[in-house]
Each structure stands twice: as C-alpha cells, then as structure tokens.
Amino acid sequence: MPQILIIDDNTAVATALDVLFSLHDIDTRHAVSPEQGLAMLAEQEFDLVLQDMNFTADTTSGEEGQQLFRDIRQAHPDLPVILLTAWTHLDSAVELVKAGAADYLAKPWDDGRLLTTVNNLLELSEARRELDRRRSRELRNQQALHERYDLRGVVFADPASERVISLACQVARSQLPVLITGPNGAGKEKIAEIIQANSADRKGPFVALNCGAIPSELIEAELFGAEAGAYTGANKAREGKFEAADGGTLFLDEIGNLSLTGQMKLLRVLETGRFERLGSNRERQVSVRVVSATNADLPAMIRDGSFREDLYYRLNTVELSLPPLAERREDILPLAQHFLADGKPLSAQAAQALQRHTWPGNVRELRNVIQRAVLLAQGPRIEAADLNLPRAAPSRPSAAADEPDRARIVNALERAGGVIAQAAAELGMSRQALYRRMDRHHIPRE
C-alpha cells in the first residue's frame, strides 16, 4: 500500500486527508513540524510528501515551507512533493515548481484534483522505481558478462545488445555453426570475435572473409585455396581461408553473396571437414568452426533459388539476430564516448542530436560521424553542428500511423518491464487507453 507523509501543523487537515486517502487504499502518516517530518523521512521510506507552507502562528510568507522543501529535495531528490497552503503566493509557487515541486494546491483543496495528482505521481514513482530496479538488474548482468567472458572490448548498454552477447557467449564453447543476422555496420564481426574468444579454440586463428567483397569467380579460391595454374594469374599455389583457419574460427561475412557452386563446396566442408584446392584432386582435412553473417533475407533467397536450403539449415544451427542501432538506443552514447576516446566531450545538444538520429549506417556510421566531428570541432566541446547530421524531414503522421499495432505494444511492455504507466508514456497514451488496446489485441494483463 502506498504511503504518504503529511507535514502540517493543523491536525484537522491531516485527519481530513487521512480519511480521503484511506478510502482509496493509500496509507498516511502525520508530522506536525518540519523537524519531525524530516526525522520521519530519515527513518522510513515514503512514496510522496504533502507539506504545508507555514508552520508558525500568524505567518503567511511561506518561507518555512520553502526551506522545508529545499531540505527534502536535498535529502531525497527523487521524492515527489506536493505543496499545500491556505496562503497562495504565485511567485513562490512558480519558483518551487521550477525547483522540482510536483504541484502547488491551495486550501481548501479539490478532492478530485488532489486524488488525480496523487495517483499520477504514485504511478510515476512506481514506474521510476521499477525502471531503477530494471537498470540495476541490467548493470549486474552486464558486469557478470564482463567478469565471466572475454568480450573483446565490446561497448554496450542496451538490453537488446546484452541478450545477443549473452547468447553468443553461451554457444561459444560448442562447435556448432552460428549464423549472425543483422544490417550492415551493426557489429556482426564483433559478435563473431566474442564467439571465437570464448570457444575451446580461442587460441587458434580467427580468419575473416567478406564474401561480398570478392568477385564470384575468385571466391572459391579464397575459401579453399588454389594450385598454380588453376586459373589465370595463379602463378603459385596458395592456401585458402579454411586452411588458414585450421584449429580456429572462420568468419564468413555476407554469406548470401556466395555462388551456388561455392555453397555446395562449403556445405561439404561443413559436413566432412574435407575439401580440395582448385586445380587439385588431393583432399585436405581441417578442423574449423564456421561463423557466418548476412544482412540478406536468406529464406527469400531460398525461395527464389539463389541460396541452398540445406546449407541454410547447416549454417543456421544457432542464429543470433543483432538489431540495428536504431533499436539499441541505449548503446548510442556509450559508443560515441568510446569513439571519442580522450577527445573533446559532447555538449548536451550534441548528445540529443545523436539520440534523435535514425542511424541507417548503424555503428559504422556513428564511428565515422564522431571521428569527423573530432577533426572539425573548433570549440572546447563537440556541438550538434559539428556532427553534421541531416535534419529529419518534418512529417505529419496520420491517425493510423499513430495507432500502435500488437507487436509495438508488446515491445513497449517488454522494454518497460511490464510497467503499464511507463509503456503507456512511451506509446503516447494514457494507461486506460493502453489497457483498451491490450484487451483488443488479446494481450494479457499481468
């Protein structure tokens, strides 16, 4: 049951408030002086404070209440405080609200307005506590990951990144192939490095090949090697990436760009560990953990015949889906600070600009933006203008666009840890409106 501390020298006021709140399952305690109120706050945790502004007889200046509010704010900066007084001074009210007071109500108060204000503040307070608890859990989980695994210096703070990294660490010790999906520049190779660093073959080589950067006629030679004269320009024998990665991990980026012939040969290596160099009939045996990555829609490629279904399921024993940076908002500022290294700090406006940007180029774009800003910034800090980010085109979303679908509601609830008030605020609606949409989409109220 929520608990409110009433600090008022008038016991009749405290009694009336106690009766009002008890009818709505809210418990109250009463202090008759600022000193007693501060002592009770030091001894017990309260959800909200209702305080008078004058405590000495024939005093209407409100100075005692202002001092009490400042003392509460200093000792309990997140505790909501409602100011209640029979002597309303507008200037005083404005200054205290600016200083963080939740509301300023005159006596006699309106029961409806007071209850609405109190309930809203209690909901927000609970949402804030739940958010703090969730952040504490996330920090503990992240610290545990850093202590238990070699994360290769990866920088992350978002729960979505933590889930992918945690799963990568869990599957690392097996020799099963892993497929990492996600957009270009999101950090797929870093996930592959984490898998290698925590595998049984972590002392072996880590070899990376971007299948999209090699011409299709040369990709097989890159993978499997070639004997002298196997193709035009092959003047001497050369080993391929599989041989180079023997005893370690081979990371195949943009696996969707591999030709059908190359796919067939890759499937054979995955199944047997054996292959032949181009221009050779001698089989070679290797022990290689294959981690592949793609930004392509491989199931769609299977349907149109450009990717082998059997290879897809062989590569996809474990799939790690890395979301775009736009869906990992809590990663943006830690990554920016990392790319700044010991450079100039970000101004508040620059940090806000980074958070507002949609990052179509993901982490790679963020790194380039920060590196350019470091070079171009003239002042002591990096300002928003130094980032040179494009201005978002103003739009006028339709009512249909504002209406969240089931997936958006479920995602908001997950991010809020099930706290309805927080999820509703993210979706831009009231709790009651969110409840109606949850019922419409058959989302259980937990």
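You'll find the structure just up there.
Since we're looking at a predicted model, the values are computed, not measured.

> Sorry, what's going on with the side chain of Arg 437 here?
Topologically, Arg 437 is positioned in helix α20 (residues 431-440). Judged by relative accessible area, which is 15%, Arg 437 ranks as buried. Apart from residues lying up to four places away in sequence, Arg 437 is in contact with Glu 403, Pro 404, Ile 409 and Met 429.

> Would you take a moment to explain the sheet that holds strand β8 (residues 249-253) for this structure?
Paired through their backbone hydrogen bonds, the strands of a sheet run either parallel or antiparallel. Taken together, five strands build an open sheet; the order of strands is β7-β8-β11-β6-β12 and the sheet is parallel. In the strand order of this sheet, the two ends are held by β7 (206-210) and β12 (318-321), each with one partner. Here the strands of the sheet are splayed against their neighbours by 20° on average, with no regard to which way each runs. As paired elements, strand β6 (residues 178-181) and strand β11 (residues 289-294) share four bridges and run parallel to each other. Along β11, the bridge assignment pairs Leu 179 with Ser 292. Sheet strands touched by helix α6 (residues 159-171): β6, β11 and β12. Its angle to β12, the strand with the most contacts, is close to 155°. Docked against the sheet, helix α7 (residues 188-197) engages β6, β7, β8, β11 and β12, running at close to 155° with respect to β6.

> Explain a positive patch on the surface to me, please; I cannot follow it from the model alone.
Among the surface-exposed residues, Arg 148, Arg 173, Arg 202 and Lys 203 lie close enough to one another that they form a single positively charged patch. On the secondary structure map, Arg 148 appears in helix α5 (residues 111-148).

> Just to check I follow, could you spell out the sheet that holds strand β4 (residues 81-85) for this structure?
Strand order in the open sheet formed by five strands is β2-β1-β3-β4-β5, with parallel pairing between adjacent strands. The sheet is open, and its two edges are formed by β2 (27-31) and β5 (103-106), each paired on a single side. Here the average twist between neighbouring strands, direction ignored, is 20°. Two strands pair when backbone bridges link them, and β4 and β5 are joined in this way by four bridges, in the parallel orientation. Within β5, the position partnered with Leu 83 by the bridge is Tyr 104. Helix α2 (residues 34-43) contacts β1 (3-7), β2 and β3 (48-52) of the sheet and is inclined by roughly 135° relative to β2.

> Please explain the packing of α2 against helix α3 (residues 63-75) as it appears in this structure.
Any two packed helices are characterised by the angle at which their axes cross and by the distance between the axes. Contact geometry for α2 and α3: axes closest at 11 Å, N-to-C directions at 10°. Taken as axis vectors, α2 and α3 run roughly parallel relative to one another. Along this stretch, α2 crosses α3, giving a crossing that reads as right-handed. In contact with Pro 34, Leu 38 and Leu 41 of α2, α3 contributes Leu 68, Asp 71 and Ile 72. Across the contact of α2 with α3, the residue classes tally to five nonpolar, no polar and one charged.

> Quick question: what am I supposed to make of the packing of aromatic side chains here?
Ring pairs (aromatic) are described by centroid distance and by the angle formed between their planes. Tallied over the entire structure, the rule returns five aromatic pairs. With 6.1 Å between their ring centres and 35° between their planes, Phe 242 and Phe 275 make a pair best called tilted. Remark: Phe 275 occurs in strand β9 (residues 274-276) and Phe 242 occurs in helix α9 (residues 241-244); sequence separation between them is 33 residues. Both residues of the pair, Phe 242 and Phe 275, count as buried. The rings of Phe 224, Phe 242 and Phe 275 are connected pair by pair, giving a single aromatic cluster.

> Whenever I open this one, the pattern of salt bridges confuses me. Can you help?
A side chain with one charge can pair with a side chain of the opposite charge if their charged atoms come near. Summed over all chains, the structure comprises 15 salt bridges. Linking Arg 284 and Glu 227 is a salt bridge whose minimum nitrogen-to-oxygen distance equals 3.3 Å. Here Glu 227 lies in the loop between α8 (216-224) and α9 and Arg 284 lies in strand β10 (residues 283-285), a separation of 57 residues in the sequence. Accessibility expressed as a relative area gives 15% for Arg 284, which makes it buried. Judged by relative accessible area, Glu 227 falls into the partly exposed class, the value being 21%. With a closest N to O distance of 2.9 Å, Glu 243 and Arg 277 form a salt bridge. Note that Glu 243 is positioned in helix α9 and Arg 277 in the loop between β9 and β10, a separation of 34 residues in sequence. The burial state of Glu 243 is the same as that of Arg 277; both residues are buried. Each of Glu 227, Glu 243, Arg 277 and Arg 284 takes part in salt bridges that share partners, so that together they form one network.

The rules we used
Residues numbered from 1 in each chain as written. Predicted model: local features only at pLDDT ≥ 70, side-chain atom pairs only at ≥ 80, totals over all residues. Heavy atoms only, no water. Helix = DSSP H or I, 4+ residues; strand = E, 2+ residues; numbered from the N terminus. Buried < 20%, exposed > 50% of the residue type's maximum accessible area, 1.4 Å probe, protein only. Contact = heavy atoms within 4.5 Å. Pairing = 2+ DSSP bridges. Axes fitted to C-alpha atoms, helices over the stretch in contact; angles between N-to-C directions. Patch = residues over 30% accessible without salt bridge, like charges linked within 9 Å, V, L, I, M, F, W, Y side chains within 5 Å. Areas by Shrake-Rupley, 256 points an atom, 1.4 Å probe, with all protein chains shown as cover. Salt bridge = Lys/Arg side-chain N within 4 Å of Asp/Glu carboxyl O. Lys, Arg positive; Asp, Glu negative; His and termini not counted. Charge placed at Lys NZ, Arg CZ, Asp CG, Glu CD. Parallel < 35°, antiparallel > 145°, perpendicular 65-115°, else oblique. Left-handed = near helix turned anticlockwise from the far one by under 90°. Nonpolar A, V, L, I, M, F, W, Y, C, P; charged D, E, K, R; others polar. Phe/Tyr/Trp six-rings, centres within 6.5 Å; stacked < 30°, edge-to-face > 60°.

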